Amino acid sequence: MVRPIPIHGVLAGVLFVAAAAAASTAVAGRDKNEPTVRFGEIIVLRKEVFNPSVPGYNRFPFNFLNRLHMVTRENVIREQLLFKTGQPFDPYLLDESERVLRRFDFIGAVSIVALDEEDGKRTVVVETMDQWSTNVELEVDRFSKDRSEETDNSRDGFEVTVNESNILGYGKRIRARGRVEGDRSWYGYEYADPSLFDTRWIFKANYQGKRAGKEWQLLSMRPFYSLTTRWSLGAETSFRSEENSVYAGDSVAGVFYEELRRDRVFAGRTYGPREEKLLALVELSHLDNRYTDLSDVEGGRSAAVPPDETGPMVLAALRAGRFRFVEEKRIEHFIRVEDLELGSYAAIRFGRAATGRSRWLTGGQLASAQRVGRGKYVTLTASILADRKKGEWGETALSAEAQFHGRLARWNTVALRAAFDRRWRAQPGEELFAGENTGLRGYGPKAFAGQTRLLLNAEDRLFSGVQLFTVAFGGALFADAGTAWDEGEPIGLRDFSSSIGGGLRLGMTKSRESSVLRLDVARNLRNGSWRVAVASGQAFPFLRIYERFSEQFE
């Protein structure tokens with residue numbers, strides 16, 4: 001019996017022949033008897049959060065905090081290295097292992113250095129410094145009764161979150177969350193293991209209560225953890241229930257309740273050399289998505305809700321790109337080394353949903369991130385997703401974004417962004433919003449709603465050298481403009497809203513991921529009012545194109 005040849009086998013064979021030819025050319029002029037240098041002893045040095053050798057950290061309370069914190073265990077560090085003793089020496093694996101270790105939020109500085117060759121071997125020294133992994137966060141909300149910002153039943157509340165991301169030095173994470181809102185309260189928890197049973201597999205389990213609903217997830221997967229990773233696979237089951245609002249302009253027209261159960265398995269395989277990738281992805285899933293109109297219960301008029309969906313879905317994608325990483329500082333963080341993802345890729349997506357809304361799923365994406373000067377970067381992304389049923393186009397979503405990040409001086413970075421989103425034939429409850437949460441500071445989170453959105457942002461970030469213990473101080477000046485509007489609605493320059501303002505930036509240099517806290521004060525140029533916002537992270541972070549390239553379907 002003649003067996004069919006799988007397409008991935010053909011691609012792998014072609015790439016193998018090409019790689020073999022290139023390798024033979026490379027070694028043609030080299031002495032065949034030349035000995036191969038190999039990795040020798042691997043020495044791991046782990047530093048505490050507050051290094052006692054640094055002036056000021058060798059006294060209370062830092063020495064006391066060091067005793068409370070369990071330093072990351074040596075085997076956790078070794079598990080993430082991409083090389084082992086006895087393997088042929090490859091300096092590329094040193095840099096890539098540094099990047100792999102830096103992606104863990106409980107690890108700060110990382111240095112991997114190979115010593116001089118001795119007896120055909122090179123000893124490698126791996127040095128890491130821990131970050132403070134226990135965090136307590138308090139969030140206080142004061143909701144507006146304006147229907148354009150929140151539903152009428154929103155109320156003042158506060159939330160407390162406790163997070164430990166390095167339990168006993170094993171790198172495991174546990175998170176607990178409690179929230180009180182008016183006379184109601186709920187809680188949530190999460191457990192995450194980045195190296196299940198000392199492997200490359202990760203595991204995550206979480207439960208989150210909501211004001212009107214809940215959410216839980218069980219996920220186990222082997223991700224594309226580095227540019228050397230060849231395959232990824234995993235499985236997930238999840239559930240989400242919540243209230244959603246249907247908007248007419250910037251006002252709530254109706255409310256519906258959504259329940260979504262999703263079970264899926266997925267796999268991916270890359271082909272090609274390290275920095276040039278052809279990625280094939282496939283996902284099999286089953287959806288059970290149900291909706292209930294709550295408009296009458298909430299006292300509003302009846303509104304259209306999406307139709308129920310139950311059944312299987314198959315998705316596949318092909319992505320091709322070229323990538324490299326560069327190390328930068330003070331693009332988003334104060335002192336932490338940032339691994340910026342440069343390169344470009346193109347992707348196509350296709351699939352079939354045999355659910356209540358049976359349809360073909362198509363889409364494509366382009367992205368590019370390039371260095372245009374010393375400390376200056378331009379990033380462009382564009383994607384389109386569309387459904388097709390019975391020869392007609394259905395829901396379609398277009399997104400495009402352009403960014404510029406440029407370090408004008410050692411402590412000064414300018415960041416610019418233009419983002420455009422458009423929806424055609426969108427389901428109820430899938431409106432686009434423009435407001436504080438999307439980058440239009442000075443306005444409510446849902447100040448503007450519609451099927452089209454345009455946002456423009458300019459920000460001058462100052463990373464000063466002023467630091468008090470573990471907190472670095474900086475600031476920012478910004479200008480935002482944008483709006484969202486419905487299909488067919490005439491739009492002109494006068495319809496765009498804008499704001500200007502400034503803010504304080506606090507770099508938590510010893511906390512998880514060296515996070516940045518921002519306190520922004522924005523003046524609404526439409527009505528002259530002021531609005532204060534407190535949040536973590538930059539308003540629009542640097543686009544991570546390799547992360548988007550290698551991630552599974554949303």
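Predicted model, so just to flag it, every value in this text is computed and none were measured.

(A) The pairing of strand E15 (residues 359-373), seen in detail. Alignment of strand E14 (residues 338-353) against E15, held across 11 bridges, turns out to be antiparallel. Bridging across to E15, Arg349 finds its partner in Gly363. Linking E14 back to E15 in an antiparallel pair, the connection comprises 5 residues. Here E15 folds back onto strand E16 (residues 376-389), and the loop between the two strands holds 2 residues, one of which, Gly375, carries a positive phi near 75°.

(B) Looking closely at the pattern of salt bridges. Within this structure, the stated rule accounts for 34 salt bridges. Salt-bridge contacts for Glu96 lead to Arg99; the nearest nitrogen and oxygen are separated by 3.0 Å. Pair noted here: Glu96 and Arg99 are both in helix H4 (residues 91-102), with a separation of 3 residues, about one helical turn. We note that Glu96, like Arg99, is buried. Residue Asp520 is joined to Arg505 by a salt bridge in which the shortest nitrogen-to-oxygen separation is 2.8 Å. A residue pair is termed long-range when its members are at least 10 positions apart, and Asp520 in strand E24 (residues 516-524) and Arg505 in strand E23 (residues 497-508) qualify at 15 residues. Three or more residues joined by partner-sharing salt bridges are found here, namely Arg441, Glu459, Arg461, Asp480, Arg505, Arg518 and Asp520.

(C) Geometry of the sheet that holds strand E1 (residues 38-47). Taking strand neighbours across the sheet as the criterion, the 3 strands line up as E1-E3-E2 in an open arrangement whose pairing is mixed. Both edges of this open sheet fall to E1 and strand E2 (107-118), since each of them pairs with a single strand only. When strand polarity is set aside, the average angle formed by the axes of neighbouring strands in this sheet is 15°. Strand direction decides the pairing type here: E2 and strand E3 (residues 121-130), joined by 8 bridges, are antiparallel.

(D) Seen up close, the confidence of the model for the protein. Residues at a pLDDT of 70 or more form 89% of the protein, whose mean pLDDT is 87. Low pLDDT (under 50) marks residues 143-154, which in the prediction has 29 contacts with non-local residues, meaning those over four places away or in another chain.

(E) How the structure looks around a nonpolar patch on the surface. Residues Val136, Leu138, Phe158, Val160, Val162 and Val180 make up a contiguous nonpolar surface patch of roughly 510 Å² in combined accessible area. Only strand E4 (134-141) and strand E5 (157-164) provide two or more residues apiece to the nonpolar patch. It is E5 that contributes the most residues to the nonpolar patch, 3 residues altogether. Here Val160 shows up in strand E5.

(F) Molecular detail of the side chain of Ser195. Mapped onto the elements, Ser195 comes out in the loop between strand E7 (184-193) and strand E8 (202-210). A residue is classified by how much of its surface remains accessible, and Ser195, at 2% relative accessible area, is buried. With sequence-adjacent residues up to four places away left out, Ser195 is seen in contact with Glu79, Gln80, Lys172 and Trp201.

(G) Structural view of H4. In this model, H4 (12 residues) spans 18 Å end to end at C-alpha, consistent with the 16 Å of a helix rising 1.5 Å per residue. Within H4, 10 of the 12 residues are buried, which leaves it mostly tucked inside the rest of the structure. Looking only at H4, the buried set comprises Tyr92, Leu93, Leu94, Glu96, Ser97, Glu98, Arg99, Val100, Leu101 and Arg102. Taken together, the buried residues of H4 touch E1, helix H3 (74-80), E2, E3, strand E13 (309-328) and E14. A side-chain oxygen of the first residue of H4 lies 3.0 Å from the backbone nitrogen of Tyr92; this N-cap is Asp90.

Analysis parameters
Residues numbered from 1 in each chain as written. Predicted model: local features only at pLDDT ≥ 70, side-chain atom pairs only at ≥ 80, totals over all residues. Heavy atoms only, no water. Pairing = 2+ DSSP bridges. Helix = DSSP H or I, 4+ residues; strand = E, 2+ residues; numbered from the N terminus. Salt bridge = Lys/Arg side-chain N within 4 Å of Asp/Glu carboxyl O. Buried < 20%, exposed > 50% of the residue type's maximum accessible area, 1.4 Å probe, protein only. Axes fitted to C-alpha atoms, helices over the stretch in contact; angles between N-to-C directions. pLDDT = per-residue confidence, 0-100. Contact = heavy atoms within 4.5 Å. Patch = residues over 30% accessible without salt bridge, like charges linked within 9 Å, V, L, I, M, F, W, Y side chains within 5 Å. Areas by Shrake-Rupley, 256 points an atom, 1.4 Å probe, with all protein chains shown as cover. Expected span 1.5 Å × (residues − 1). Polar contact = N/O pair within 3.5 Å; in protein donor to acceptor, adjacent residues only side chain to side chain.

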